[in-house]
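Here are the chains, one letter per residue:
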Amino acid sequence: MNALISVSDKTGVLEFAQALHALGIKLLSTGGTAKLLADAGLPVTEVAELTGFPEMLDGRVKTLHPKVHGGLLARRDLPEHMAALKTHGIDTIDLLVVNLYPFEATVAKPGCTLEDAIENIDIGGPAMVRSAAKNWQDVGVLTDASQYAGVLAELTDDGKLTKKTRFALAVAAFNRISLYDGAISDYLSGIADDGSHSQFAGQSNGRFIKVQDLRYGENSHQQAALYRDLHPAPGSLVTAKQLQGKELSYNNIGDSDAAWECVKGFSQPACVIVKHANPCGVAVGANALEAYSKAFETDPSSAFGGIIALNCTLDGAAALQISKQFVEVLMAPAFTPEALEVFKNKANVRLLQIDLPAGGETPWAQGRNAVDIKRVGSGLLMQTADNHELLLADLKVVSKRQPTPAQLEDLLFAWKVAKYVKSNAIVFCSGGMTLGVGAGQMSRVDSARIASIKAANAGLVLTGSAVASDAFFPFRDGLDVVVDAGATSVIQPGGSMRDEEVIAAANERDVVMVLTGVRHFRH
């Protein structure tokens, strides 16, 4: 058996080659890899010796030769193929170990030039990988160091790879080539005439890995599956570990993402309850129990069968209180043994443990997507994600009445929640909790009315509350509705042709109004 080894990333390759040699497998290699193996005392034949041609053009040409590709592509079950190999003095290559030039890592570096990118486009490696993967019936192809141990164990036990393993390796190899070519296409097609690089490439090559098939989609007659980014952001939903419960459904995953994205934006212990993609209760507290209790109080009816997310450890006391309601999914960074014990007898409740992201300046560090994608008829809409965080210094007070420190705190809290409510969004808040949420209405004034009605239904008093509107008030009527309900401070983006009319109404009603200059449409 012959193995050709040519790797850019040499992690674990020496140990793997030593094990192959111990099994009596002849080693072939190129350049730096051949030197590594020879320096370790392994007998290795350089590809240049095999082909009779030296590496040339600064290493651009070294394995593009019939003695390499013939050995990889020849079908052992076809006599004419084997006869052709014999005629031309070509040996079969039964195992190929290749990983590619680090193109993705190169272009990710600050200051990467086009020349740097071009020189890190592998040619011979992908060609060999494709040849070996095409002939998977006879050749095993490894494209990642994580595959070494399993392949070695199988070779040690049986002296050869099973058909199932060779096919799985071939699929992994073609997937790797697809990812590699997609990265090259994305980078090169994003370069503008002036040499700048656009965030939106001329051709988009989606690269996602299937996590699991789902029982069905949004409705039972639809099929569905969950995919993740090739390199998911730490602290994002797809990094969750399910501790117990039924398989997550399509709708569970969508609602869980909405809850998790909202709750991890708070620094204090916080709880978010989501129903049908909208927060129906959000609160902060001294601990998980207080945060949950306040969030639940906002809208107990909608919380039934909802998704609950906490940004702090779920302890026994909070778990006991939550267990009194019907909950589909419960998420937290950690669960105490007492909390897990509470839910042991509620086998259907899905418990998800998700590490909070470390935090930082970039969306990645915050566990957030940098780009959002939405499918439309035969196309995609792509945009930079709404990762804007409002700071106190960003607020512009436009009313005669100035906000108190407590009002400013309530306004910022309400604004943070409104960002995750479907438009048109109106959110009443006070004391670190939501009081009423109006979501997804065609009219902003209707959202305002619904939010106040929900608060009344929950027995909550809106007097002195703060209100956030995700976009500007087109008329004063929406403002009048929230003030009539008891609001004394309002936060909104501004930017309407009737801003002066709305501001005048705020002054007439003697309420605080602050503008953000940024809206949070969420469709």
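Keep in mind that this is a model prediction, so the values were computed, not measured. (Residues numbered from 1 in each chain as written. Predicted model: local features only at pLDDT ≥ 70, side-chain atom pairs only at ≥ 80, totals over all residues. Heavy atoms only, no water.)

Draft legend 1. Structural context of the packing of helix α1 (residues 13-22) against helix α9 (residues 148-158). Closest axis-to-axis distance for the α1/α9 pair is 11 Å, and the angle between their directions is 10°. In terms of orientation, α1 lies roughly parallel with respect to α9. Every residue of α9 that contacts α1 at Val13, Phe16, Ala19 and Leu20 is listed here: Tyr148, Val151, Leu152 and Leu155. Among the residues making up the contact of α1 with α9, the classes are represented as eight nonpolar, no polar and no charged. (Axes fitted to C-alpha atoms, helices over the stretch in contact; angles between N-to-C directions. Helix = DSSP H or I, 4+ residues; strand = E, 2+ residues; numbered from the N terminus. Parallel < 35°, antiparallel > 145°, perpendicular 65-115°, else oblique. Contact = heavy atoms within 4.5 Å. Nonpolar A, V, L, I, M, F, W, Y, C, P; charged D, E, K, R; others polar.)

Draft legend 2. Quick look at the side chain of Asp122. Tracing the backbone through its elements, the reader meets Asp122 in the loop between α7 (114-119) and α8 (124-134). Here Tyr101 takes part through its backbone nitrogen, which lies 3.1 Å from a polar atom of the side chain of Asp122. A distance of 2.9 Å separates a polar side-chain atom of Asp122 from the backbone nitrogen of Gly125. The contact partners of Asp122, leaving out residues within four places of it in the chain, are Asn99, Leu100, Tyr101 and Tyr180. (Polar contact = N/O pair within 3.5 Å; in protein donor to acceptor, adjacent residues only side chain to side chain.)

Draft legend 3. Inspection of the pairing of strand β9 (residues 270-275) at higher detail. With five of six residues buried, β9 is to be regarded as a mostly interior element. Looking at chain direction, β9 and strand β10 (residues 278-284) are connected through six bridges and run antiparallel. In the sheet register, Ile273 faces β10, and the bridge partner there is Gly281. Adjacent in sequence and paired antiparallel, β9 and β10 are bridged by two residues, among which His276 carries a positive phi angle near 50°. In this structure, β9 lies alongside strand β11 (residues 306-310), joined through four bridges in antiparallel fashion. Each bridged residue has a counterpart across the sheet, and for Val272 the counterpart in β11 is Ala309. (Buried < 20%, exposed > 50% of the residue type's maximum accessible area, 1.4 Å probe, protein only. Pairing = 2+ DSSP bridges.)

Nothing here speaks to function; it is all geometry.
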